[in-house]
Amino acid sequence: MAIATAEDVLTALKSVKEGARGEDVVALGLIQGLVVKDGHVSFAVEVAPEEGRTKEPLRIACEKAVLAAPGVRSVTAVLTAHRHGGPQPRRAGLNAQMRAEGTPQAGPRAQGPEGVGAVIAVASGKGGVGKSTIAVNLAIALRGLGKRVGLLDADIYGPSVPRMLGLKGKPVSKDGKKLEPMDAWGLKAISIGFMVEEDQPMIWRGPMVMTAITQLLNDVAWAPLDVLVVDMPPGTGDAQLTLAQRVSLAGAVIVSTPQDIALIDARKALAMFKTTQVPVLGIVENMSTFVCPHCGRESHIFGHGGARETAAKLGCDFLGEIPLHIAIRETSDGGTPITARDPQSSQAKAFVAVAEKILAKLEAGDGRTAPRIVME
Ligand code: ADP
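Keep in mind the model is a prediction, meaning the values are calculated, not measured. (Residues numbered from 1 in each chain as written. Predicted model: local features only at pLDDT ≥ 70, side-chain atom pairs only at ≥ 80, totals over all residues. Heavy atoms only, no water.)

Q: So what about the overall build of the protein? Which residues, and what values?
A: Within the protein one finds twelve helices and 14 strands. By the burial criterion, 55% of the 376 residues in the protein qualify as buried. When contacts within the protein are restricted to residue pairs at least 6 apart in sequence, long-range pairs at least 24 apart make up 75% of them. In the form shown here, the protein has an accessible surface area of approximately 16700 Å², with 53% of it arising from carbon and sulfur atoms. (Helix = DSSP H or I, 4+ residues; strand = E, 2+ residues; numbered from the N terminus. Buried < 20%, exposed > 50% of the residue type's maximum accessible area, 1.4 Å probe, protein only. Contact = heavy atoms within 4.5 Å. Areas by Shrake-Rupley, 256 points an atom, 1.4 Å probe, with all protein chains shown as cover.)

Written as structure tokens, this is what we have:
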């Protein structure tokens, strides 16, 4: 059977009528952030905040209509509500929809769980580019800049934060309601790895990921925090998209290595955040320059400067370069990240420089603000 296209999905959605005049949900501009990949479909149904809960039947109707379309394997539909303004009717049709997707709209800055100043996502288009290494060291660097920082490891494919922070044991609950985050290097930390057995293969589907992440966000005693860093699962599939749509992110940091092949994936990650209207704080180039620990000579194993060029081309900020250095690998894999172990080293300072830029952007409120997404 042919795999469904975005056009097929929109055609199916046009059968869902809404409101007194019986217009379809596509014509009304209620469908947002549509992503169709290998027959897996996700989108948001935008409703006015005061309608919130009452629109659940509409969400179900949309989901059913799409699921019935040929070539659709799975559907994740979420209700979203703009706190200010509500949905704006847009022109019907695929082109209008696509234009709408890439256009961040003005609104208040997204907020995290109660008592948390800002939630930022560290993301990458694919695995192995050093996303977790960056997330961990950025969190510690932000802590070093005087902020109260938490780290949520949401990398369902390979939760590595416990290992990188040297965390042992499992988190406990003092009051039987909220889980206490673990303490490491001045951070409050929780990993999705604590919820699954190590070495046990686990297939996560979008809704399962969301349940787990929602719990880790809301049922953990995070407060008070200035920044919560989320180590996202790598890639731009269902799980990532749902996460980006449902978690109130203040911004996203995209990690890439300099070579073309990784940058293509980084572009996909960038597009995903634009689709979900999460402001991209910028791109970090990891494994940028290799300085030989013996002779001190620089080489560019994966090339150099590719992420800076990509950022410029795509109109997003470049946040800095992290060198490829054995001390970074040894310290993060050994549970004593370089930013904690040797904050005066040039490698740690590279992380601090990125953290300073991120902080400046968060504190400035950044021009590209995201609408608050309300979870129902
Ligand atoms: P990801 O989260 O993208 O899958 P990781 O952060 O787990 O990637 O990094 C993969 C491996 O690369 C780890 O062993 C890590 O220590 C190493 N690594 C990451 N960044 C660097 C760097 N800048 N220099 C040296 N090793 C690095």
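That was the structure; now back to the text.
Q: So what about the packing of helix α4 (residues 131-144) against helix α12 (residues 346-364)? Which residues, and what values?
A: At a closest axis distance of 9 Å, the pairing of α4 and α12 adopts a crossing angle of 70°. Between α4 and α12, the angle is such that the two are roughly perpendicular. Where α4 abuts α12, its residues T133, I134, N137, L138, A141 and L142 lie against F351, V352, V354, A355, I358 and L359. Looking at the contact of α4 with α12 residue by residue, the class counts come to ten nonpolar, two polar and no charged. (Axes fitted to C-alpha atoms, helices over the stretch in contact; angles between N-to-C directions. Parallel < 35°, antiparallel > 145°, perpendicular 65-115°, else oblique. Nonpolar A, V, L, I, M, F, W, Y, C, P; charged D, E, K, R; others polar.)

Q: I'd like a description of the site of the ligand, backed by residues and values.
A: Neighbouring residues of the ligand: 18 residues in total, closest K131, S132, T133, P323 and D333. In the environment of the ligand, an oxygen atom lies 2.8 Å from a nitrogen or oxygen atom belonging to the side chain of D333. Look at the ligand: alone it shows 560 Å² of surface, and the protein chains cover 83% of it. Within the residue set of the shell around the ligand, elements represented by two or more residues are α4, β12 (280-291), β14 (318-324) and α10 (326-333). Element by element, the count of residues in the shell around the ligand is highest for α10, at four residues. (Near = heavy atom within 4 Å. Polar contact = N/O pair within 3.5 Å; in protein donor to acceptor, adjacent residues only side chain to side chain.)

Q: Quick rundown of the pairing of strand β9 (residues 187-191)? Include the residues and the values.
A: Burial runs high along β9: four of the five residues are buried. Examined bridge by bridge, strand β7 (residues 149-153) and β9 share four bridges and lie parallel to one another. Note on β9: the bridge partner recorded for L151 is A189. Counting the residues between successive antiparallel strands, the hairpin from strand β8 (residues 182-184) to β9 contains two residues, one of them, W185, with a positive phi of roughly 55°. (Pairing = 2+ DSSP bridges.)

Q: Explain the pattern of salt bridges to me, using residue names and the numbers behind them.
A: If you walk through the whole model with that rule in mind, you get 13 salt bridges. Here K147 makes a salt bridge to E363, at a shortest N to O gap of 3.1 Å. Taken as a pair, K147 in the loop between α4 and β7 and E363 in helix α12 lie far apart in primary sequence, 216 residues in all. (Salt bridge = Lys/Arg side-chain N within 4 Å of Asp/Glu carboxyl O.)

Q: So what's going on with the nonpolar core? Residues and values would help.
A: Residues L151, L165, V229, I322, I358 and L362 are the most contacted members of the largest nonpolar core, which totals 43 residues. Those residues in contact with I358 that lie beyond four places of it in its chain are I120, L138, V253, L281 and L319. With 41 residues, the next largest nonpolar core counts A154, F273, I283 and C316 among its residues. (Core = buried A, V, L, I, M, F, W, Y, C linked by side-chain atoms within 4.5 Å.)

Q: Give a description of unusual backbone geometry that names residues and reports values.
A: In the segment running from A223 into P224, the intervening peptide bond is cis, with an omega of -5°. Looking at the element boundaries, P224 is found in the loop between α6 (206-218) and β10 (225-231). The phi dihedral of D38 falls on the positive side, at around 50°, and the residue is not glycine. Along the chain, the position of D38 falls in the loop between β3 (31-37) and β4 (40-47). Using a relative accessible area of 48% as the deciding quantity, one classes D38 as partly exposed. In this model, W185 sits at a positive phi of 55°, which is unusual for a non-glycine residue. Among the structural elements, W185 can be located in the loop between β8 and β9.

Q: Any chance you could break down α10 for me, citing the residues and the numbers?
A: Burial in α10 covers these residues: A327, I328, T331 and S332. Viewed along the axis of α10, the buried residues span an arc of 115°, placing them on a single side of the element. Each element contacted by the buried residues of α10 is listed here: α4, α5 (161-165), β14, α11 (338-341) and α12. (Arc of directions from axis to C-beta.)

Q: Can you break down the side chain of D24 residue by residue, with the values?
A: Along the chain, D24 turns up in strand β2 (residues 23-24). Despite its burial, D24 remains without a salt bridge, the nearest opposite charge being carried by K17 at 4.7 Å. A polar contact is formed between the side chain of D24 and the backbone nitrogen of A27, at a distance of 2.8 Å. In contact with D24, not counting residues within four places along its chain, are K14, V16 and K17. (Lys, Arg positive; Asp, Glu negative; His and termini not counted.)

Q: Go over the confidence of the model for the protein with me, naming the residues and quoting the values.
A: For the protein, the average pLDDT comes to 81, and 85% of its residues sit at 70 or higher. Looking over the protein, one finds the lowest element-wise mean pLDDT in helix α3 (residues 94-101), namely 27, and the highest in α4, namely 97. Between residues 83-111, whose pLDDT stays under 50, and residues either more than four places distant or in other chains, the model counts 61 contacts. Of the regions scoring below 50 in pLDDT, residues 367-376 engages in 41 contacts with residues more than four places distant in sequence or in other chains. (pLDDT = per-residue confidence, 0-100.)

Q: Help me get a handle on the environment of A307, residues and values and all.
A: With respect to the element layout, A307 can be found in helix α9 (residues 306-314). By relative accessible area, A307 is classed as buried at 0%. Residues A307 and T257 lie 50 residues apart in sequence; the distance between their C-alpha atoms is 7.2 Å. Excluding anything up to four places from it in sequence, A307 contacts L263, I283, E285 and F318.

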